[in-house]
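Chain and residue survey
Listed below are the residues making up each chain.
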Amino acid sequence: MGEFPSGFVWGAATAAHQVEGGNWNADCWALEHARPSLFVEPSGDACDHAARYGDDIALLAGLGLNAYRFSIEWARIEPEEGAFSMAALDHYRRVIEACWTRGVQPIGTFHHFTSPRWVARQGGWADDRIIDCFARYCERTADALAHELAWACTINEINIPDTLVAQKRLRALDGPEAAERRAAAQSALGAPLESFYLFAGGAGYAERACAAHAKARDAIGAAAPHVPVGMTMSIQEDEAEDHDDAREALARYRAAVYAPYYAATAKDDFIGVQTYTRMMHFRDGRPGRPKGCVRTMMGYEYRPEALGFACRDAWAQTRKPILVTESGIATANDAERRAFIRTALDSVRDALADGVDIRGYVYWTLLDNYEWLSGYRPTFGLIGVDRVTQRRALKPSAAMLGAIARVNSLDIAEPIEEGIVGAGAAVGLG
Ligand code: BGC
């Protein structure tokens, strides 16, 4: 039996900076254009989603999905401190309206990695002033549009800055060969590199981020008491090598990257779970991939069932309803994506059967988009995007996930056609 609970949320996600295009007032844009840059290429027009959101939401709805997770760009809403853009707020109101018009629940995220440049200049996520600044932006934005959201997420992957530190993945920022790129980045930003969200982990970050989340949650909750509000967390399946030192390393890792954040969900309505892979914890204290594993385009271990483990962990630690706000794979092979989605959903269904309260599954990502420091090479999307013409092309995995969503079950007729399907029909152009 492949059924999911009735009312299950089936969606796909994006984030403003990764799809909208021309987000030049954001700190990330400045970093992309530093010379030399830590980013392999700039985001540029991205997927031109700021203009094409209506067609993209129509595509999503045409597939059969019932939810769209997107982020609201702080750098557009508050381009300078205290100066709020009514036009930008109106834009996101139209995005929300486009969702409801197509029978799609809008899931809004208030912060997805990027901040306005003026925030970076005052220290960004490494400075305590972020707590009040972020709360004020959330309050203004929530007053304007939160009552129309179906779900609200405060901070995307609130624990990712500490996770990147604990996984020792920020080494690229240090050492002699990186010195030039760090200096160029700081001069482009007019601020230390640590002001940028992804690089802000370490001492003091957890307290600061959790305080920012709490104030944001209260502001959104006050404006829209009927809308569930929560944070999202990056949670992997974690496994220790069979050795005491490895088990201790895992315990230290969990204390740094999960414990403070799980604790901070106490007054939240739900928790957003985001899972991509499994982490092995070795006796030398180094987290990494299991030896000899199959890897995805991101270099992660191919491990779709990690999602079920992550949901079980979040449930055991918080007892909060779970919304899977991201799960996905970067691959050029869509058959691999389909297998990944099926196995991930199998693990969700097994967790549901064991009593874990999971309310929905949102795939990362709707469109092939800007994958931060890695640029446009990794392709996570259900829908391909031509980098020159912006033409959308549905992949078979999009049709498969839509079919699953329509029947609320994994028992769908197979096989889904191989090859790329033109996107026109779903928006009435085909
Ligand atoms: C982020 C996305 C990102 C994805 C794939 C998550 O950490 O929320 O913005 O594109 O992972 O790497």
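Scroll up for the structure.
About the criteria used
- Residues numbered from 1 in each chain as written.
- Predicted model: local features only at pLDDT ≥ 70, side-chain atom pairs only at ≥ 80, totals over all residues.
- Heavy atoms only, no water.
- Helix = DSSP H or I, 4+ residues; strand = E, 2+ residues; numbered from the N terminus.
- Rg over C-alpha atoms; globule rule 2.2 N^0.38 Å.
- Buried < 20%, exposed > 50% of the residue type's maximum accessible area, 1.4 Å probe, protein only.
- Near = heavy atom within 4 Å.
- Polar contact = N/O pair within 3.5 Å; in protein donor to acceptor, adjacent residues only side chain to side chain.
- Areas by Shrake-Rupley, 256 points an atom, 1.4 Å probe, with all protein chains shown as cover.
- Nonpolar A, V, L, I, M, F, W, Y, C, P; charged D, E, K, R; others polar.
- Pairing = 2+ DSSP bridges.
- Contact = heavy atoms within 4.5 Å.
- Axes fitted to C-alpha atoms, helices over the stretch in contact; angles between N-to-C directions.
- Phe/Tyr/Trp six-rings, centres within 6.5 Å; stacked < 30°, edge-to-face > 60°.
- Expected span 1.5 Å × (residues − 1).

From N to C terminus, the chain includes 15 helices and 15 strands. For the chain, whose C-alpha radius of gyration is 20 Å, the value lies close to the compact-globule estimate of 22 Å for 430 residues. When its C-alpha atoms are laid out on the principal axes, the chain stretches across 55 × 55 × 45 Å. Counting across all 430 residues of the chain, residues that qualify as buried make up 61%.

Looking now at the site of the ligand. Around the ligand, the surrounding shell holds 13 residues, and the nearest of these are Gln18, His112, Glu157, Glu326 and Glu371. A distance of 2.9 Å is found between an oxygen atom of the ligand and a side-chain nitrogen or oxygen belonging to Asn156. Separating an oxygen atom of the ligand from a side-chain N or O atom of Trp372 is a distance of 3.0 Å. Here the ligand, which alone exposes 310 Å², has 94% of that area covered by the protein. Looking at the shell around the ligand residue by residue, the classes come out as six nonpolar, four polar and three charged.

Moving on to the pairing of strand β4 (residues 151–155). Among the five residues in β4, five count as buried, and that is most of the element. Here strand β3 (residues 105–111) pairs with β4 via four bridges, running parallel. The partner of Thr109 across the bridge, within β4, is Cys153. Here β4 pairs with strand β5 (residues 229–230) via two bridges, running parallel. Following the sheet pairing, Ala152 is matched in β5 by Val229.

Let us now look at the sheet that holds β4. Strand order in the open sheet formed by nine strands is β5-β4-β3-β2-β1-β12-β11-β8-β6, and the pairing between neighbours is parallel. Only two strands of the sheet have a single partner each, and these edge strands are β5 and β6 (232–234). Across three bridges, strand β1 (residues 9–13) lies against strand β2 (residues 67–71) in parallel orientation. By the bridge assignment, Gly11 is partnered in β2 with Ala67. Contacting β1, β11 (322–327) and β12 (358–364), helix α14 (residues 334–353) crosses the sheet at an angle of about 165° to β12.

With that settled, the discussion passes to unusual backbone geometry. Geometrically, the link from Arg35 to Pro36 is a cis peptide bond, its omega value of -5° lying close to zero. Mapping Pro36 onto the fold places it in the loop between α2 (27–32) and α3 (49–63). The omega torsion across Trp364 and Thr365 is 20°, close enough to zero to call that bond cis. Positive phi outside glycine occurs at Phe113, with the angle close to 75°. Relative to the helices and strands, Phe113 resides in the loop between β3 and α6 (117–121). Overall, Phe113 belongs to the buried group, its relative accessible area being 6%. Unusually for a residue other than glycine, Asn408 sits at a positive phi of about 55°. By secondary structure assignment, the location of Asn408 is in the loop between α15 (396–407) and β15 (421–422).

A word on the side chain of Ser43. Mapped onto the secondary structure, Ser43 falls in the loop between α2 and α3. The buried category is assigned to Ser43, whose relative accessible area is 3%. In this view, Ser43 contacts His17, Trp29, Glu32, Tyr370 and Tyr376; residues no more than four positions away in its chain are not counted.

Bringing the packing of aromatic side chains into the picture now. Counted under the stated rule, the structure contains 23 aromatic pairs. A centroid spacing of 5.7 Å and a plane angle of 25° characterise the contact between Phe113 and Tyr197, whose relative ring orientation is stacked. Of this pair, Phe113 sits in the loop between β3 and α6 while Tyr197 sits in the loop between α9 (176–189) and α10 (205–223), and the two are 84 residues apart along the sequence. You can call Tyr197 buried: its relative accessible area is 0%. Aromatic rings pair up to connect Trp74, Phe110, Phe113, Trp118, Trp125, Phe134, Tyr137, Tyr197, Tyr205 and Trp372 into one cluster.

Time to look at helix α13 (residues 306–318). Side chains three or four residues apart in an α-helix point the same way, a direct result of the helix having 3.6 residues per turn. An ideal rise of 1.5 Å per residue puts 18 Å on 13 residues; α13 measures up with 18 Å between its terminal C-alpha atoms. For α13, the complete set of buried residues consists of Ala306, Leu307, Gly308, Ala310, Cys311, Asp313, Ala314, Trp315 and Thr318. Arg319 lies just past α13 and shows a positive phi near 60°.

Limitation: the analysis is restricted to geometry and does not speak to function.
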